[in-house]
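# A closer look at the structure
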There are 2 protein chains.
Amino acid sequence: MKRIYLDHAATTPIDPQVYEVMTKILAEEYGNPSSIYSEGRSVKKYVETAREQIAKAINADIREIYFTGSGSEADNWAIKGIAMKNRAKGKHIITTQIEHHAILHTCEYLEKDGFEVTYLPVDEFGLISLDDLKAAIRKDTILVSIMFANNEIGTIEPIKEIGEIVKEKGVIFHTDAVQAFGNVPIDVKDLNVDLLSISAHKIYGPKGMGALFIRKGVLIDNLIHGGAQERKKRAGTENTAGIAAFGKAAELAVINLEENSKHLQTLRDMLIEGVMAKIPQVRLNGHPTKRLPGNVSFCFDYIEGESILLSLDLAGIAASSGSACTSGSLDPSHVLLAIGLPAGVAHGSLRLTIGKHTSQEDIEYVIEQLVVIIERLRKMSPIDVNCPIDDAVFEDAGHHH
Amino acid sequence: MKRIYLDHAATTPIDPQVYEVMTKILAEEYGNPSSIYSEGRSVKKYVETAREQIAKAINADIREIYFTGSGSEADNWAIKGIAMKNRAKGKHIITTQIEHHAILHTCEYLEKDGFEVTYLPVDEFGLISLDDLKAAIRKDTILVSIMFANNEIGTIEPIKEIGEIVKEKGVIFHTDAVQAFGNVPIDVKDLNVDLLSISAHKIYGPKGMGALFIRKGVLIDNLIHGGAQERKKRAGTENTAGIAAFGKAAELAVINLEENSKHLQTLRDMLIEGVMAKIPQVRLNGHPTKRLPGNVSFCFDYIEGESILLSLDLAGIAASSGSACTSGSLDPSHVLLAIGLPAGVAHGSLRLTIGKHTSQEDIEYVIEQLVVIIERLRKMSPIDVNCPIDDAVFEDAGHHH
């Protein structure tokens, strides 16, 4: 059976051009780029080319790009590195309730260490309020970390406006752009961003590769201490093949950004409109227009996300209920709770994230299958569809684990 | 010109069988292993196979293996994770003066945070004293971290005896086995090791992959917070291709360990004997027998390591002055200083590390070339070879940067 992959926010297949660069280095360039002999010098060129490609993709300087082992590492580094470096100055951090767990759990960890964290609420679309942000900034605020675009519901935050406010207050501004990078244009100079996290495997690059942009002049503690790699800021032998592949993936993402983005957006809107028109009692999560071009997130009343996923999988469609990082967890998504959905409704979430290889026929097939699946699951559901949805209903029905 | 690569301690070329596993996953298995649909389940099998292969290679349980982005990350995690978890109990850590910088710089970072670190000295061969260790353990000692084998001089520490002492005192024992793994047999049960760091690219696997063995029951803070990957201990989408490749590399390393090790040792001893017999005023660094089978480390009086390296490179030979992680640094090696060499002598160091593809002809050629190179460099040296070597001489000669 043909498979339709609609979980590009979780990870993407590697691009053939990226694969070519990566396998060439794996096969031919085994030198350690920190070595001075020719094998080392030879592979070092690929690392520096990749750094240029990434820098260019976000309008940064090459000396502002630091490679990491993942987007999560970049997030952890940004938060802990800035916190530890500045703790004599202040111990207050501002973030949002809908961040990725790489930010939230890091902040929670710092709270145990005496830091104070303000988690800004969001509105029903997942947008923070600029007034809330202004009001939250204190004299001892050392860092504001607000995601560029949400991984579950796709909402794009007003990063430029946030950057202006934070800069005016003289506070450091980090944004987790793992989902945004390659999908929306990013210009770190224009946005007044001081630190920005990205990941390769979300843009048709390999897993195990991320990067942190650190604006020149921003002082930060290391997360991984040791050798002198990455200008003494991130120790460990460079993942040369992964780095070169990431560079290529970034280059491709940016070259084709407008075109790809338009393609994704067309299919996204087709999917949203098709489902909303053909299936009753469904809500679109996230902002209708300020959202990632490839992101679709629904909540279907009276059914659980996991049942939908399993049925879709049998129909050849790969999708997710939310973040892949928390799959297996039975807690309702913190993002869906933050936009005001009751836990019972949040359990019925489905995220479909479109990629550059997705076709119109794929979307038509998915809509068709969803209509059948949702109807069948609702018939099987022990929950009375005439009752109001809330937590109590789910618990009574034995559905709340 | 044929190249002879003798820097296997810095990194190794990828094994063809490892390459095959890795590229298969890069090309065919793009799923996120945390996802529940078939693409996710399919690639998850490879991750779990790799975990089994690594576990088997060191006689651990599969639930005791945690994948990381490098050996340095594993070292940082072990030290910081144990330190932060146990700081209410005590803030004293014991390590050695000759650890890899991933350990030393991490310990120095913790010292700024109120931890106290004892750096055990070593003898002229690079061995720690078990009596020193016993005397150093205090009531507030929470961690002992002693490397399995040194990356520069190849000396193998008495890990089993250290493990017994540390266990008896009820302290947690970590060892950085990045250089030892694949070169000497490792049995974490027999050795009483609680945590052990390893890296893929030292054993013919890919760069950007490491692992930390954490004995069941040992409590540790996370270094990278976020998603629920690695049983909630190390966040970030799994580097599936790298993990599978690491597993294969570990399997191959262990299957062929005895044979490979014998091959390396034969060539090592041939290289040591050849150089010592044919070149005057040369010292062997490290222990003559308690050393890694592939490690050769010399100091040549009256010349600088970097000049030797550049001449060797022109002769088609890739070698290193010490650790690749500190290439470019002009400070003398902390390891060579710790074994008692004056800075002037330490500057003349050369490390040649043999690999499984190295042949007897390669070694013969290297000895031949070294004889010529050392003689030529000594003739060019502004240092009077009849003067005693010490720092002052080097400084006077303008060689000390």
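Keep in mind that what you see is a predicted model, and the values were worked out from it rather than measured.

## Details of the interface of chain B and chain A
- With 65 residues of chain B in contact, the opposing surface of chain A contributes 65 residues.
- Scanning the region where chain B abuts chain A turns up six salt bridges.
- One salt bridge in this structure joins Asp313 of chain B and Arg41 of chain A, with 3.0 Å as the shortest N-O distance.
- Put simply, the parts of the chain that give the side of chain B that touches chain A at least two residues each are α1 (16–28), α2 (38–57), α3 (71–86), α4 (101–111) and α11 (305–314) of chain B.
- For the side of chain B that touches chain A, the class distribution of residues is 25 nonpolar, 26 polar and 14 charged.

## Let's talk about the packing of aromatic side chains
- Tallied over the full model, the rule gives 10 aromatic pairs over all chains.
- Centroid distance Tyr5 of chain A to Tyr37 of chain B: 6.1 Å. Interplanar angle 80°. Geometry classified as edge-to-face. Residue Tyr5 of chain A is located in strand β1 (residues 4–5), and its partner Tyr37 of chain B is located in the loop between α1 and α2; the two belong to separate chains. The residues Tyr5 of chain A and Tyr37 of chain B share a single accessibility class, namely buried.
- Ring plane angle 80° and centroid distance 5.9 Å describe the contact between Tyr66 of chain A and Trp77 of chain A, whose orientation is recorded as edge-to-face. Within this pair, whereas Tyr66 of chain A is found in strand β2 (residues 65–68), its partner Trp77 of chain A is found in helix α3 (residues 71–86), the two being separated by 11 residues in sequence.
- Residue classification places Tyr66 of chain A among the buried residues on the basis of a relative accessible area of 6%.

## Thoughts on the side chain of Ser199 of chain B
Residues and elements named next belong to chain B.
- Structurally, Ser199 can be placed in strand β7 (residues 195–199).
- Exposure remark for Ser199: the relative accessible area of 2% places this residue in the buried category.
- Sequence-distant contacts of Ser199, that is, excluding residues within four places in its chain, are made with Gly71, Val178, Met209, Gly210 and Phe246.

## Describing the pairing of strand β3 (residues 92–96) of chain A
Residue and element names in this part refer to chain A.
- Within β3, five of the five residues are buried, which leaves it mostly tucked inside the rest of the structure.
- Here β3 shows a buried face lined by His92, Ile94 and Thr96 and a second buried face lined by Ile93 and Thr95.
- Note: β3 against strand β4 (residues 116–120), five bridges, orientation parallel. Counterpart to Ile93 in the pairing with β4 is Val117.
- In this fold, β3 hands off to helix α4 (residues 101–111), which returns the chain to β4; that crossover is right-handed.
- Across three bridges, β3 lies against strand β5 (residues 141–145) in parallel orientation. Counterpart to His92 in the pairing with β5 is Thr141.

Thresholds, definitions, all that
Residues numbered from 1 in each chain as written. Chains lettered and ligands numbered in written order. Predicted model: local features only at pLDDT ≥ 70, side-chain atom pairs only at ≥ 80, totals over all residues. Heavy atoms only, no water. Contact = heavy atoms within 4.5 Å. Salt bridge = Lys/Arg side-chain N within 4 Å of Asp/Glu carboxyl O. Helix = DSSP H or I, 4+ residues; strand = E, 2+ residues; numbered from the N terminus. Nonpolar A, V, L, I, M, F, W, Y, C, P; charged D, E, K, R; others polar. Phe/Tyr/Trp six-rings, centres within 6.5 Å; stacked < 30°, edge-to-face > 60°. Buried < 20%, exposed > 50% of the residue type's maximum accessible area, 1.4 Å probe, protein only. Pairing = 2+ DSSP bridges. Right-handed = clockwise from strand over helix to strand, strands pointing away.

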